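Now for the letters of each chain:
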Amino acid sequence: MAKAPVLTPQADDFPRWYQDLINKAELADNGPVRGTMVIRPYGYGLWERMQQEMDARIKKAGAQNAYFPLFIPQHYLTKEAEHVEGFAPELAVVTHGGGKELEEPVVVRPTSETIINEYFSKWVQSHRDLPLLINQWANVVRWELRPRVFLRTTEFLWQEGHTAHATYEDAQAYASMIHTDVYGDFMTNVLGIDVVLGRKTAKERFAGAINTLTLEGMMGDGKALQMGTSHELGQNFAKAFNTTYQLQGAEREYVWQTSWGVSTRMVGGLIMSHGDDNGLRVPPRLAAVQAVVLAIKGDDAVLAKVREIGARLEAAGVRVVVDDRTDTPFGRRAVDWELKGVPVRIEVGPRDLENGTAMLARRIPGGKEPVSIDGLAELLPGILEEDQALLLRQSRERREARTVEVKTIEEAVEAAATGWGRMSWAELGPEGEAKLAEQGVSVRCIVAADGSVPLTDDQEGNVAIVARAY
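Because the structure is predicted, anything quoted here is derived from the model rather than measured. Counting from 1, residues in each chain are numbered in the order their sequence is written. Side-chain atom pairs in this predicted model are given and counted only at pLDDT of 80 or more, local residue features only at pLDDT of at least 70, and totals for whole chains, interfaces and linings cover all residues. Note: side-chain values were computed over all heavy atoms of the structure, leaving out hydrogens and water.

Can you help me understand the sheet that holds strand S15 (residues 291-295) in this one?
Strand pairing in a sheet relies on backbone hydrogen bonds. The paired strands run either parallel or antiparallel. Read from one edge to the other, the open sheet built from 5 strands follows the order S16-S15-S17-S18-S19, with strand pairing classed as mixed. The strands lining the two open edges of the sheet, one partner per strand, are strand S16 (320-323) and strand S19 (368-372). For this sheet the average axis-to-axis angle between neighbouring strands, irrespective of direction, equals 25 degrees. Judged from the 5 bridges that link them, strand S18 (residues 357-362) and S19 form a sheet pairing that is antiparallel. Within S19, the position partnered with Leu 360 by the bridge is Glu 369. Only strands joined by at least two bridges in the DSSP assignment are considered to pair. Strands are runs of DSSP state E lasting at least two residues, helices are runs of H or I lasting at least four, and both sets are numbered from the N terminus onward. Think of each axis as a best-fit line through the C-alpha atoms, taken over the contacting stretch in the case of a helix, with angles from 0 to 180 degrees between the N-to-C directions.

Just to check I follow, could you spell out the packing of helix H2 (residues 41-60) against helix H8 (residues 265-274) for this structure?
A pair of packed helices is captured by two measures, namely the crossing angle of their axes and the spacing between those axes. Taken N-terminus to C-terminus, the directions of H2 and H8 make an angle of 110 degrees; their axes are 10 Å apart at the nearest point. Judged on the interaxial angle alone, H8 and H2 are roughly perpendicular. Of H8, the residues touching H2 (which contributes Leu 46, Trp 47 and Met 50) are Met 266, Val 267 and Leu 270. Taken together, the residues of the contact of H2 with H8 break down into 6 nonpolar, no polar and no charged. Oblique is the label for every angle not falling under 35 degrees (roughly parallel), over 145 degrees (roughly antiparallel), or within 65 to 115 degrees (roughly perpendicular). It only takes one pair of heavy atoms within 4.5 Å for two residues to be counted as in contact. When residues are grouped by polarity, Ala, Val, Leu, Ile, Met, Phe, Trp, Tyr, Cys and Pro land in nonpolar, Asp, Glu, Lys and Arg in charged, and all others, Gly among them, in polar.

Whenever I open this one, unusual backbone geometry confuses me. Can you help?
What is expected of a backbone is that most residues other than glycine have negative phi and most peptide bonds are trans. That bond from Leu 130 to Pro 131 is cis: its omega, -5 degrees, falls within 30 degrees of zero. Here Pro 131 is to be found in the loop between helix H5 (113-123) and strand S7 (132-141). Although it is not a glycine, Glu 26 sits at a positive phi angle of roughly 60 degrees. Summarising the element assignment, Glu 26 is placed in the loop between helix H1 (14-24) and strand S1 (28-30).

Looking at this structure, I do not really get the packing of aromatic side chains. What am I missing?
Pairs of aromatic rings are described using the distance from one ring centre to the other and the angle between the two planes. Pairing of aromatic side chains requires ring centres within 6.5 Å, counting the rings of Phe and Tyr and the six-membered ring of Trp. Pairs whose planes differ by under 30 degrees are stacked, by over 60 edge-to-face, and all others tilted. Per the counting criterion, the structure on display carries 10 aromatic pairs. Ring plane angle 75 degrees and centroid distance 5.9 Å describe the contact between Trp 47 and Trp 137, whose orientation is recorded as edge-to-face. Linking Trp 47 in helix H2 with Trp 137 in strand S7, this pair joins segments that are 90 residues apart in sequence. Where Tyr 168 meets Trp 256, the ring centres are 5.5 Å apart and the plane angle is 65 degrees; that geometry is what we call edge-to-face. Taken together, the residues Tyr 168 in helix H6 (residues 168-189) and Trp 256 in strand S14 (residues 256-263) connect sequence positions 88 residues apart. Exposed residues in this analysis have more than 50% of their type's maximum accessible area, buried residues have under 20%, and partly exposed residues fall in between, with area computed by a 1.4 Å probe over protein chains only. Taking the relative accessible area as the measure of exposure, Tyr 168 reaches 29% and is therefore partly exposed. Here, a charge over a ring is recorded when the distance from Lys NZ or Arg CZ to the ring centre is within 6 Å and its angle to the ring normal is within 35 degrees. One Lys or Arg, Lys 223, reaches over the ring of Tyr 470 and ends 5.0 Å from the middle of that ring. We note Lys 340 situated over the ring of Tyr 42; from NZ or CZ to the ring centre the distance is 5.6 Å.

Following this line, the structure appears as structure tokens:
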């Protein structure tokens, strides 16, 4: 009899494959309250590496980390009408505390524009206080009716940046810089995902924003995933919270603002972009464990050698784990590391020692080959960079192969069954967007004719990217 696969094959049932992988690779479990998740250590390690890479880029962009409360007075959310209307269906509201009914209900943070603006209005007095660039790493709660681990959960982890500027031009430039230099660079060069950068339509725009910039990734099944967003808020929140600064004279002016965020949804995007029927494939630049050195047997000489190899690789700057758990069968350990997507496995047994070699297994392109133990520390950094580039190339090739030009609503819906469609935004327009929505297809973003991010929705030659989405 054929051996049953560890995971449901992607081609048979992609959603089941996704759930199998999360369970078998020990990434997360469902939480006790519907829509919540418990992130297990290996899954949280992926998020920590994302945090580290993103935090460095955010700080380079001039923003400083701060923290704001989880609980927000309900009346704060009513100050910006479009914002409260957009979030009303997702709010979790606390009405009792300390055994008593609260005088005013408090909202569990769905996002922090309102509470941060309450303090921006205190902190900003003069043009010398601008720009004010703040970021926070936090959790948020949005009541989710159709939860899916990492992709849509009632509670999730994220960073949210909030800034105030003296002029519209400064705010616009900063939102764009976050979009491209922070998010775009990270997703392309660390996650290895070939995201499309564009602007959202008015229908898809963040509640309370005047413009939303997005990064859309194509998953392994051809659907789109919104990987992150950067918003121009204009002066909407500034007027609601009276956030103003004094000009050179006595005159005061409302600030111009941005907000921007990415979340643990990126872990789901990583899984669905790079995973295969054998498990995860983690980009080497992201991987908390870039290489694992496995002892095949509990021979003293083998154990000594794998520990020596581990020390050499660590000294060479490789993030490495030594697996010397020889009381667990080697085959089971190898499958577990394959499921977890560690880029490189180095397998050492008694016969390898005799030959002065180790078996090098590469998770991303696949395949095994014997290599000199003495040359491993020099060999591995180059291999890891090759495999990082391969993931990005495969992501780009999939998107290009499964994106087609369409001219009608019918063709767009057909394209979205297996990938993405590109259609003239002037011909589609909001009316066509509404017709697509009736069939479960959305305009993921608008791009300029040359693929860049357009400055306006109605820029000549704009193209709509249409797809089904998570």
